[in-house]
Every structure is written in C-alpha cells, then in structure tokens.
Amino acid sequence: MRRWFNDIYYSFPVQLFILHFRKYQVLLIFWLMLGSIIDSELMKGFGADALFFVPEYMGNVNALSAGLVGVAMGVFFMSWNITTFILHTKRFKFLAAASKPFLKYCINNAMLPALFLLFYLFRSFQFNLNKELMTVGEHIMMVGGFTLGFILSLSFSFAFFFSADRRILKSMAPVIANREHFRSNYNPHDNPQQDSFGMKVGYYLSVRLSVRKARNVSHYSENFLDVIFKRHHFAAIKGILFAFIFLIVAGFFLDVKFFQAPAAVSITIFCALMVSVIGALTYFLQSWSVLFVIVLFIVLNALYKNEIFDPRNKAYGVNYNNKKESPAYNKETLQQLCRPAIIEADKANMATVLENWKKKQASAKPVIVFINVSGGGLRSAGFVMNMLQQLDSATNGQLMRQTFLITGASGGMLSASYFRELYLKKLKGQKINLQNPKYLSDITQDLLNPVFSSLVSRDMFSPAQKFSVGPYRYIKDRGYAFEEKLNENTGGILNKQLNDYAADEKAANIPLMIFSSVITRDGRKMMACNQPLSFMMKPAAFEKDTTASPDAVDFAALFKKQDPTNIRLLTALRMNATFPYVLPNVWLPSEPVIETMDAGVRDNFGQETALRFIDNFKEWLEKNTSGVVVLQIRDRLKDNWQYPLETGSVTDVLVKPATMLQHNWYKLQDYFQNDQYSYLKDDSSFAMRRLTFMYVPFSEDSRASLSFHLTAAEKKDVLASFKTEYNQGTLIELLQALKEQ
C-alpha cells in the first residue's frame, strides 16, 4: 500500500501539479482570475461572467461565438503548458530522451486545465439555463461550438510542435550519429548533470495514456540536455509571439466587425500572453526580473509625466490643441465664473426658456415636471426606457410636454437621451411609435463586449490609431469603443454634437438635459449643458457671497475657448457613465489638468441637481405653475434595508473600515438628498411632491447586475417591475398630479 502511494505521489502528473504551487505561484493568479470570473465572483457587478458564457460575435450569440471562446481557451491552456514547459523541464530531465516531449508534458500537466475545463462547463450549464433562459438544445449548440473551437486550437498547436519536434530530431540526428564529435562535445564526465536541480519522478503517462517508467538519463551530459531543451524552448517562444501578434492585429482592425472578437477571447488571450511574458522574464532574467519590472515602471512614468506616452482619454469634440489658452482651474477662476452679475444674466436667460416652456402648456398655471433618472448600467437603462415608454402611453404624451428638465447618471441618462431624441424626431414629423419595444431592445443591447475587447487589444497593445471629430484628432480606446457601440445600438441617432440640441432646448420643444460628471481632483460636479449654468455652481443661498467657493462647474463657461458645446453627445453620456476601470476617466484641458468620472459618485439619482435648479427659480415657479412634480425613476429600492454590510469573517473585520463608505455610498446620498428635498419643500410656497418609480426585483437573488450587460432573465425581471403594486400606485398618483392644473 505504501509503495502504491509512493508511486502515485512520485508520478509525473502529481509532481507537476505540486510544483506549480511551489514555484512561480504568480502564474496561478491568472487561473484564479479566470476561475473567479466564471464563478461569478470577480467583477460580478460588471457582468463579466456573461462574457464567457454568452459571448457575442458579429452581433450574435451562437455556436460560432462560443467556438471563438473555445479557441481562446485552448490558447490559454497551451500558453500555460508552453511557459511551464520552459520553466520546469530542467527539473524533469527524462523528457530530453523522450519522443514528442512537449506532448507528453502537456498530457501529464493536464490536471489543473482539466479541472478548470470541467468547472467552466458546469458553470456554463447553470448560467445559460438559469440566467439566459436557454433551452437544453441551445446550450448543447453553444457547448458544441466551444468544444470544436477548443479542439481546433489544441490541434493547431500540437501540429506546430510536432513539426518542431521533427525539425529538432532532424538537426540532432547527425550530432548523435557522429560519435567522435558527440564524445568530445557532450562527454558526461566532463560536464556531469547537476542532480540537485532535478525532481524525482517514477512514472508518467504516455501519449496513449498508459503508465510508463521514467527513463534514466544520467549517462547524458548537462550541456547535451541543455541543447535539446533550448531547441524545444525556442519553438515554444514562437508560439508565444503568435498570441502577441494576434492582439496587435486585432487592435488595429477592431473597427472591422470581423475582427471584433468576443471580449472573453481578448481577456483569455491577454491572460495567456501575461503568463507567457512573466514566464519569459523569469526564464531569461532569472533573479533580475523584479528589478527589470521596477525600471520599466520608472521609464513609463517618466514618459507619462513628459506627455511622450499619454494613454489618457479625451472629450471628443473639445479642442485640446490651443494649450496656451487652457483655463486655470483654481478657486479664483471658478469664483469669477459665478459672479452675481453673471448669475443674474444666466438666470434671466433660463427664465426665457421657462417662459417658452409655459407657452406650450395647455393651462395658464401648469404642473411642471422634473425627471430624475438613476445610474446603474443597463439595469437602469432598461428600467428607465420601459418606464418612459409606459408613462408616455399612460399620459398620452403629456409627460414629455410638461417635463422641463431631465437629470441623472449613467444608464438612466443613456435611455433618457435616447427617448428624448426619438421624441424630437416624432415632433419633426417622422413616423415614430415611442412605445415600440424595439427601442427598449436597442438600449439594453450589450455594451460590455467591445469595451473589454478594446481594453485588451487596443488600449494595451495598439494605442496608436486615431479618428476625427470635426478638426480635432483623438486616439481610439475603450471609451471610443463604448461610444461607437452605443451609437450602433441606437441606430446612429445619438451621433450628434451637444449644440445640435441648443435651438430646440431654448425653444422648449424638448426637455432640457444637464449632463453631470465628477471631477476626481476635488469631487466638484462638472455640468455640461447648452444653456449657461453659473447659478448652479453653488447653492442659491450663497449666490451673492463672493467668498463662497463653488461646488460645481459650468463646463461651457470654464472651457469657453475650447469649443465646449461641440462635444459629442455620446461623449457627454460616457462622461456621465464612467464606470471605474471599465471606462477611462476623461481628462480636460485645464491648468492643472482635471479628470472626470461617473456622475453617480456625487449624485447617482439626479435629484441634487434638480433640487438646486428648483431652488434657484422658486419665485418663477410660484407665479407660473400650479405645482412641481419631481419624478424619480431609480434602479434600486429607497428604504435602504437591502444588502447591508455584514461582518461574517475575520477578513470582513479587517476590510470593513475601508469598504464601509463604498458599500453604503448610494444610501448616504439618499439620506442627504431626503434632507435636501425636505428643506426645499418646507421653504417653498408652491405645491411640491416627489413621486418615485423603483426597480423592484422579484427576489434578492434575481436582482439584475449593475453592468453594461444584461442576461435574458435580468431583462425579464427589470421589465416586469413596472407592474409591481408599488409602481402601479405611483402611476395613479402621477396621473392625478398631472390633472391638478
């Protein structure tokens, strides 16, 4: 029994498996990363798991797209085998005397890949049937495509190495045949093997999976084994270069649909390449590899500081060329932008827009509506679009006519902008049915796939391509990929500049929109709008206090010499919806440079912005309206008892102080904004009410992820939320409020 146990323990597969955990553990990080994504743990909130189970290629999820993921998975497995083969073969010297050593190494190294593959197939079955609502037949087609792609990838790889084996054997045969030359150059007595480096192996699995005893190669010299291994290593390195070239080529041709591989493909090949790069650094630089990485970081940092290497994303449409006219970003500049005289002029301009809105109403003192839409990726986009369509139908178009301002964040603003553009086209005579379910389907199409593909293929390996917006040039990156995909999903109708809406907003043909983002430097709100907004830069109570520092910035005023309203609407939406890491922060041409990110950091529900606007025009609203309705459409419940931060382990105790703020961020916004609404309502002499439509998931487990990808089950759950008892009650209240005028 003991001998049987020893034979198993000292078998090649077991020794290899153990070795991976003893040496070069950093390579296991990529298995852990992919495994965590597949297990719906890592980046779960971003919907990264769906990228692997329902990959999209050429706009379709089918066996072909799954097959491409299978090919990429095969590349990752081979990269793992190649890299560890290079790093570990000197520990298993019997391979030098074996035929097809790389194939035998892969067979015996299959324990970890096989466990991973089985786990992937199991999770794929769970995900596709439970979340994507696929039939068993559809899932079998996906698995079949994946399997075929996986087999093709391995077959191509092994064919390459079989030919390499033949070339190596052909080149070594004359050396071995010439005994005099062999003895003089590879005499084991002159260059004995260093046995301390090797590992004990008793048995290994052959090509036919039979158990074979490892051959004793002690009669070969160390340098002879080195020659054989290095020739195999050279063949392996050529395989690594192929993956690197693939990512560069894919990045340069990413605008061509054929080259827009599923994001899971790019992510997996990136992991394969990183395994190879780390292995190469370790193999060639040995103990110098850490120092090399440090020096590389210092060099890249120096290039970045001197703007020789600049990966930062820009606001498309804005002028970055006139650097000498870049505005100063400081307290004095912002205070100058909201001087009392400027605030008075801007409020007079906005009063004109309000009067234009009033002229279009059916009564002398109408109810005015302010719509707030929450952030929350496609979860919010789907809920908001469905609500706007349902409310437009229920009010016979009255809601949009009586809405003056729309504010919000992220996914909610994507849908609100899309719906407003459709509404405008209908006003101008186009035959558009605003309740057409096609528009809801359009806005909830995947946006995550091109972002991840660009992040890996273009941002990291091909950051040299440019495109134009008017006279200005910009680098293509994942921000550009996001905008192009959003533009494609919505039929190209959002491909406009911000100032294309100026005339219709001024005439109050359509609701005004303020596109907010947050300045990372100090947390101030950046507001982009066609109308001047100096009165929004600080609370109304401080508008005449010249010492009060603004907590918000009028984008058009600060960057008046940078063609600010030429910014693309798609870019304004992206700035408003910048998921951390998923999308790049946008840097703006001020001195010093400032960056902006997602509006949800400051005002995820759009309510803070709307309430400040109302506060600035209380007198006008009292004289000209019969009341104010703040209509909030949000993707999360407002009682804030869901998803508490709990302490369930020692780890939770350690990280809780750091994660408490992030976990409760939106709840804190709710608490603050409830106070803000209460104070404003008590201080106003006109009728004011807040009505809220909420996404109410069927169960906590079925809640849609905060992501730019929705599964079929999540879409179904989001749409069904309109019919909940709470939302139907709010609908009755809204219809009643619109009648009271």
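Predicted model only: the values in this text are computed from it and were never measured. (Residues numbered from 1 in each chain as written. Predicted model: local features only at pLDDT ≥ 70, side-chain atom pairs only at ≥ 80, totals over all residues. Heavy atoms only, no water.)

### Concerning the overall build of the chain
Here's step 1: Across its full length, the chain holds 30 helices and 15 strands.
Here's step 2: Summarising the internal contacts of the chain: among those between residues at least 6 apart in sequence, 80% fall at separations of at least 24.
Here's step 3: For the chain, the accessible surface area stands at approximately 33,300 Å², while carbon and sulfur atoms represent 60% of it. (Helix = DSSP H or I, 4+ residues; strand = E, 2+ residues; numbered from the N terminus. Contact = heavy atoms within 4.5 Å. Areas by Shrake-Rupley, 256 points an atom, 1.4 Å probe, with all protein chains shown as cover.)

### Things to note about the confidence of the model for the chain
Close reading of the predicted structure is inappropriate where its pLDDT is low.
Here's step 1: Put simply, the chain has an average pLDDT of 82, and 82% of its residues get 70 or more.
Here's step 2: A low-confidence stretch, residues 217–222 stays under pLDDT 50, and its non-local contacts, those more than four residues away or across chains, total 24 contacts. (pLDDT = per-residue confidence, 0-100.)

### Quick look at the sheet that holds strand E13 (residues 594–597)
Here's step 1: Spatially, E3-E12-E13-E9-E10-E11 is the arrangement adopted by the 6 strands of the open sheet, whose pairing is mixed. The open sheet is flanked by strand E3 (313–314) and strand E11 (552–554), the only strands paired with a single partner.
Here's step 2: Two elements, strand E12 (residues 586–588) and E13, share 3 bridges in a ladder whose sense is antiparallel. Within the sheet, the bridge partner assigned to Val586 lies in E13 and is Thr596. (Pairing = 2+ DSSP bridges.)

### A closer look at the nonpolar core
Here's step 1: By size, the foremost hydrophobic cluster in this structure holds 163 residues, and its most contacted members are Phe404, Leu588, Ile614, Leu631 and Phe708.
Here's step 2: Here this core gets 10 residues from one element, more than from any other, and that element is helix H11 (residues 263–285).
Here's step 3: Setting aside its immediate chain neighbours within four residues, Ile614 contacts Phe370, Leu621, Val628, Val630, Leu680, Phe686 and Met688. (Core = buried A, V, L, I, M, F, W, Y, C linked by side-chain atoms within 4.5 Å. Buried < 20%, exposed > 50% of the residue type's maximum accessible area, 1.4 Å probe, protein only.)

### So, the pairing of strand E7 (residues 472–475)
Here's step 1: A one-sided burial pattern is seen for E7, the buried positions being Tyr472 and Tyr474 and the unburied ones Arg473 and Ile475.
Here's step 2: Direction of pairing for strand E6 (residues 466–469) relative to E7: antiparallel, over a ladder of 4 bridges. For Phe467, the partnering residue across the bridge sits in E7 and is Tyr474.
Here's step 3: From the end of E6 to the start of E7, which pair antiparallel, there are 2 residues, and Gly470 there has a positive phi angle of about 65 degrees.

### Focus: the sheet that holds strand E8 (residues 512–513)
Here's step 1: On the basis of which strands lie adjacent, the open sheet formed by 5 strands has the order E8-E5-E4-E14-E15 and parallel pairing. Each of the sheet's edge strands pairs with one partner strand only, and the pair in question is E8 and strand E15 (688–694).
Here's step 2: Relative to strand E5 (residues 403–408), strand E4 (residues 367–373) runs parallel, the two sharing 5 bridges. Across the sheet, Val369 pairs through a bridge with Thr403, a residue of E5.

### Brief notes about the pattern of salt bridges
Two side chains of opposite charge can pair, provided their charged atoms sit close to one another.
Here's step 1: Following the criterion strictly, the structure yields 23 salt bridges and no others.
Here's step 2: For Asp442, the salt bridge identified is with Lys438, shortest N-O distance 2.7 Å. One end of the pair, Asp442, and the other, Lys438, are both in helix H18 (residues 437–443), 4 residues apart, so they sit about a helical turn from each other.
Here's step 3: Residue classification places Asp442 among the buried residues on the basis of a relative accessible area of 7%.
Here's step 4: Under the relative-accessibility criterion, Lys438 is labelled partly exposed at 47%.
Here's step 5: Across the salt bridge formed by Asp635 and Arg636, the nearest N and O atoms sit 3.5 Å from each other. Each member of the pair Asp635 and Arg636 is classed as buried.
Here's step 6: Salt bridges linked by common partners bring Lys525, Asp551, Arg602, Asp603, Glu608 and Arg612 together as one network. (Salt bridge = Lys/Arg side-chain N within 4 Å of Asp/Glu carboxyl O.)

### Brief notes about the pairing of E4
Here's step 1: Counting buried positions along E4 yields 7 of 7 residues, so the element is predominantly enclosed.
Here's step 2: The alternating pattern of E4 places Val367, Val369, Ile371 and Val373 and Ile368, Phe370 and Asn372 on opposite faces, both of which are buried.
Here's step 3: In this structure, E4 lies alongside strand E14 (residues 627–634), joined through 7 bridges in parallel fashion. Bridge assignment links Val369 to a residue of E14, and that residue is Val629.

### Examining the packing of helix H5 (residues 63–88) against helix H6 (residues 101–108)
Here's step 1: Orientation of H5 relative to H6, taken along the N-to-C sense of each, is 110 degrees, at an axis distance of 10 Å. As judged from the angle between their axes, H5 and H6 are roughly perpendicular. In the crossing of H5 with H6, the sense of the turn from one axis to the other is right-handed. Packed against H5, whose contacting residues are Met78, Asn81, Ile82, Thr84, Phe85 and His88, the element H6 presents Pro101, Phe102, Tyr105 and Cys106 at the interface. (Axes fitted to C-alpha atoms, helices over the stretch in contact; angles between N-to-C directions. Parallel < 35°, antiparallel > 145°, perpendicular 65-115°, else oblique. Left-handed = near helix turned anticlockwise from the far one by under 90°.)

### With respect to helix H29 (residues 712–720)
Here's step 1: Those residues of H29 that fall on the buried side of the exposure criterion are Glu714, Asp717 and Val718. Down the axis, H29 shows its buried residues gathered within 100 degrees of arc, on one side only.
Here's step 2: Turning to H29, the residues buried within the fold contact helix H15 (377–394). (Arc of directions from axis to C-beta.)

### Structural notes on the environment of Phe482
Here's step 1: Assignment of secondary structure puts Phe482 in helix H20 (residues 478–489).
Here's step 2: Considering only alpha carbons, one finds Phe482 and Phe452, 30 residues apart in sequence, at a separation of 9.5 Å.
Here's step 3: Leave out the neighbours within four places in its chain, and Phe482 touches Leu414, Leu447, Val451, Arg574, Leu583 and Phe708.

### Here's the deal with the packing of aromatic side chains
Here's step 1: Counted by the stated rule, this structure contains 27 aromatic pairs.
Here's step 2: Geometrically, the ring pair formed by Trp31 and Phe116 is edge-to-face, given 5.2 Å between the ring centres and 75 degrees between the ring planes. Of the two residues, Trp31 sits in helix H3 (residues 28–38) while Phe116 sits in helix H7 (residues 111–130), which places them 85 residues apart along the sequence.
Here's step 3: The exposure class of Trp31 is buried, given its relative accessible area of 5%.
Here's step 4: Phe116 sits in the buried class, given a relative accessible area of 8%.
Here's step 5: Ring plane angle 50 degrees and centroid distance 6.3 Å describe the contact between Phe383 and Tyr695, whose orientation is recorded as tilted. (Phe/Tyr/Trp six-rings, centres within 6.5 Å; stacked < 30°, edge-to-face > 60°.)

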